[in-house]
Amino acid sequence: MNAAIIFGLLLVLMLTGMPISISLGLTVLTFLFTMTNVPIEAVALKLFTGIEKFEIMAIPFFILAGNFLTHGGVARRMINFATAMVGHWHGGLGLAGVMGCALFAAVSGSSPATVVAIGSIVLPAMVAQGFPKQFGAGVITTSGALGILIPPSIVMVMYSVATSGSPHAASVGQLFMAGVIPGLMLAAVLGGVTWYRARKFGYPRLPKASVGQRLKALREAIWGLLLIVIVIGGIYSGIFTPTEAAAMSAVYAFIIAVFVYKDMPLRGVPKVLLSSASMSAMLLYIITNAVLFSFVLTSENIPQAIADWIVGQGLGVIAFLLVTNILLLMAGNFMEPSSIVLIMAPILFPVAIKLGIDPVHFGIMMVVNMEVGMCHPPVGLNLYVASGITKMGITELTVAVWPWLLAMLGFLVLITYVPIISTWLPRALGMM
């Protein structure tokens, strides 16, 4: 009964158009003051202790690193490198866009940042070369979603934080390593769709780059590419934790943007710091309210009751994973990824553990769901970002992304039912 009231109230508040963070906070406060005996002091304490986690510090640092890289010319050099490598294939610039998104995803941790950084450079170039605008928009909108699957990923940090109360919770390092193979596979799938459609419709190809041109492009992009080695290599080798890796990447991104590439003057730094701070504050506010929401659910024993009920229904692993996917895809229709993970993970995680589902595999499956949600209306963040770059309407963009979106749904099924794709690398590295 309490569960129905809490979720009903949350849904009503969200349907009024209220921001999700405020809807969560109001739901919690209304429930606490009217229907429960939890002391308010405990709530105040939870507000502070809930975001007192070391892992959460990674979020502002990755946002800052992504902003320095977006404004600091790193994206342009990565695209030049990708174009030199695959530009001569069918749909060359489109494939370079997919590869550029995959490379930029490996340094930014955010999907919208990847769409902005790569899209604002690749899309005008594709249109100038004779590609239809819809084709370019479809490629960049969906490939930008790689930003949250290829590590580092802000959404993976969110999942780790949301499930950290459980003894079975997956660490940020495990999730980062688990995202590598699925991320590369999805990049290959999106590239495959791009190549097939370009070949089918006879879209332009670039002349093949010489070895000298490729080496020159690599030399120019090397400072950005080194960041991938620093973050992933540093975490795997145990030199630093994911949070320390985030701080390192922010400092490194600042140095290469301002002093190495010199694409950003020092006077541009305060603006980047300010925009990073406002985005971080928004995410931390959502996390704080989600922590409170999770606290109320736990104090009312709701996740445990839901877990017992689902297990009691005789739902096996296959059926539960199917229901989870449907739930998450439906949630993706009206919520953005951070909020979905913070609300849904504490509820679904205990059931997954009871059914013997690996927590790392479950986390990667949730992240792939979030990727799909970012590319379809009405709340697909990538659609809105791409709409701003392409000046296309959301409806037109939705039609443009369909071929890639269908491929992503097929990939989601594969990730859901073949857990070894997610768990093999962290196991091989001795992290699980």
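Residues numbered from 1 in each chain as written. Predicted model: local features only at pLDDT ≥ 70, side-chain atom pairs only at ≥ 80, totals over all residues. Heavy atoms only, no water.

A. Structural context of the overall build of the chain. Helix and strand counts for the chain come out as 21 helices and zero strands. Here the C-alpha atoms of the chain give a radius of gyration of 22 Å, agreeing with the 22 Å that 2.2 N^0.38 yields for 432 residues. For the chain, the spread of C-alpha atoms along the principal axes amounts to about 70 × 45 × 45 Å. Restricting the contact set of the chain to residue pairs at least 6 apart, pairs at least 24 apart contribute 79%. Carbon and sulfur atoms make up 71% of the accessible area of the chain, which totals about 17400 Å². (Helix = DSSP H or I, 4+ residues; strand = E, 2+ residues; numbered from the N terminus. Rg over C-alpha atoms; globule rule 2.2 N^0.38 Å. Contact = heavy atoms within 4.5 Å. Areas by Shrake-Rupley, 256 points an atom, 1.4 Å probe, with all protein chains shown as cover.)

B. View of a nonpolar patch on the surface. On the surface, Val211, Leu215, Leu218, Ile222, Trp223, Leu226, Val229, Val251, Ile255, Phe259, Val260 and Leu266 cluster together to form a nonpolar patch covering roughly 1000 Å² of accessible area. Only α12 (211-237) and α13 (242-260) provide two or more residues apiece to the nonpolar patch. Sorting elements by how many residues they give to the nonpolar patch places α12 first, with seven residues. As for its position among the elements, Trp223 is in helix α12. (Patch = residues over 30% accessible without salt bridge, like charges linked within 9 Å, V, L, I, M, F, W, Y side chains within 5 Å. Salt bridge = Lys/Arg side-chain N within 4 Å of Asp/Glu carboxyl O.)

C. How the structure looks around the side chain of His376. Note on placement: His376 falls in the loop between α18 (359-373) and α19 (381-390). Among the residues examined, His376 registers a relative accessible area of 12% and is labelled buried. What His376 contacts, discounting residues up to four positions off in sequence, is Leu329, Gly332, Asn333, Leu383 and Leu405. (Buried < 20%, exposed > 50% of the residue type's maximum accessible area, 1.4 Å probe, protein only.)

D. The arrangement of the layout of surface pockets in detail. The calculated volume of the largest pocket comes to roughly 530 Å³. Ala162, Gly165, Ser294, Thr298 and Pro346 are, among the 26 residues lining the largest pocket, the residues nearest its centre. When residues of the lining of the largest pocket are traced back to their parent elements, those giving at least two are α3 (40-50), α9 (154-162), α14 (269-299), α15 (302-312) and α17 (337-354). Of the residues contributing to the lining of the largest pocket, the split by class is 13 nonpolar, 10 polar and three charged. (1 Å grid on protein atoms, 1.4 Å probe; cavity = no way out; pocket = protein on both sides within 12 Å on 5 of 7 lines; lining within 4 Å. Points joined across faces, edges and corners; volume = space filled by probe spheres on them. Nonpolar A, V, L, I, M, F, W, Y, C, P; charged D, E, K, R; others polar.)

E. Spatial organisation of the UniProt feature "domain: TRAP C4-dicarboxylate transport system permease DctM subunit" (unreviewed entry) in the chain. Under the present numbering, the feature "domain: TRAP C4-dicarboxylate transport system permease DctM subunit" (unreviewed entry) in UniProt falls on residues 7-419. Between the first and last C-alpha atoms of residues 7-419 the distance is 30 Å; the span itself is 77% helix and 0% strand. (UniProt positions renumbered as here; feature names shortened; annotations may be inferred.)

F. Structural detail: empty space enclosed by the protein. Overall, the coordinates contain one cavity of 30 Å³ or more when judged by the stated rule. Approximately 50 Å³ is the volume found for the largest cavity. Considering the residues around the largest cavity, the lining is formed by Gly332, Met335, Glu336, Pro337, Ile340, Met370, Gly373, Met374, Val379, Gly380 and Leu381. Taken together, the elements giving at least two residues each to the lining of the largest cavity come down to α17 and α18. Residue classes in the lining of the largest cavity are distributed as seven nonpolar, three polar and one charged.

G. A look at the packing of aromatic side chains. Scanning the entire structure with this criterion turns up 11 aromatic pairs. Judged by centre distance (5.7 Å) and plane angle (90°), the rings of Phe254 and Phe259 are edge-to-face. Taken together, the aromatic side chains of Phe131, Phe135, Phe201, Tyr203 and Trp404 make up a single cluster linked through ring pairs. Against the face of Tyr261 rests Arg77, its NZ or CZ located 3.8 Å from the ring centre. (Phe/Tyr/Trp six-rings, centres within 6.5 Å; stacked < 30°, edge-to-face > 60°. Lys NZ or Arg CZ within 6 Å of the ring centre and 35° of its normal.)

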